[in-house]
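# Examination of the molecular architecture
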Amino acid sequence: MGVPVSLILIAVGAVLAFAVHQDPGASVDVDVVGWILMIVGVVGLLLSLLWWERVGPGSLGWHRGPGPYGPGPGARTGRRRTVIEDDVPPPPGPPPGPPPP
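Because the structure is predicted, anything quoted here is derived from the model rather than measured.

### A short note on the side chain of Ser 6
Structurally, the position occupied by Ser 6 is in helix α1 (residues 3–19). Within the structure, the side chain of Ser 6 is placed 2.9 Å from the backbone oxygen of Gly 2, a separation counted as a polar contact. A polar atom in the side chain of Ser 6 sits 3.1 Å from the backbone nitrogen of Leu 45.

Spelled out as structure tokens, the structure:
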């Protein structure tokens, strides 16, 4: 369950608990259903935030570049570098042969 689903559950639960009124003879208590949805939404929201902090993007450090104080926490070192040389020396000429007669 993600953060948006948790927020939807909390909103639907609040509407059922506080805004919907039912007949006293109904078999399902809408207020209790609303409270249950709100509790499940809050628990899901907390679990999503905790799980996001531990396993979400940034936990491996692969998306972070080096910051002003060096690489971010958990960043891998030994990255490959691409070197582009602008000034390439010309290829050597033909090998020297015997002098002309």
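More follows now that the structure is in view.
### What about the packing of aromatic side chains?
This model, assessed by the stated rule, comprises 1 aromatic pair. On the numbers, 5.4 Å between centres and 85° between planes, the contact of Phe 18 with Trp 35 is edge-to-face. On the criterion of sequence distance, the pair formed by Phe 18 in helix α1 and Trp 35 in helix α2 (residues 30–55) is long-range, its members being 17 residues apart. The class for Phe 18 is exposed, based on a relative accessible area of 53%.

### Observations regarding the side chain of Ser 48
Residue position: Ser 48 is located in helix α2. Ser 48 sits in the buried class, given a relative accessible area of 12%. Engagement of the side chain of Ser 48 in a polar contact is seen with the backbone oxygen of Gly 44, the distance being 2.8 Å.

### A few points about a nonpolar patch on the surface
Together, Ile 39, Val 43, Leu 47 and Leu 50 line one region of the surface with nonpolar side chains, adding up to about 390 Å² of accessible area. Inspection of the secondary structure assignment puts Val 43 in helix α2.

What counts as what
- Residues numbered from 1 in each chain as written.
- Predicted model: local features only at pLDDT ≥ 70, side-chain atom pairs only at ≥ 80, totals over all residues.
- Heavy atoms only, no water.
- Helix = DSSP H or I, 4+ residues; strand = E, 2+ residues; numbered from the N terminus.
- Polar contact = N/O pair within 3.5 Å; in protein donor to acceptor, adjacent residues only side chain to side chain.
- Phe/Tyr/Trp six-rings, centres within 6.5 Å; stacked < 30°, edge-to-face > 60°.
- Buried < 20%, exposed > 50% of the residue type's maximum accessible area, 1.4 Å probe, protein only.
- Patch = residues over 30% accessible without salt bridge, like charges linked within 9 Å, V, L, I, M, F, W, Y side chains within 5 Å.
- Areas by Shrake-Rupley, 256 points an atom, 1.4 Å probe, with all protein chains shown as cover.
- Salt bridge = Lys/Arg side-chain N within 4 Å of Asp/Glu carboxyl O.

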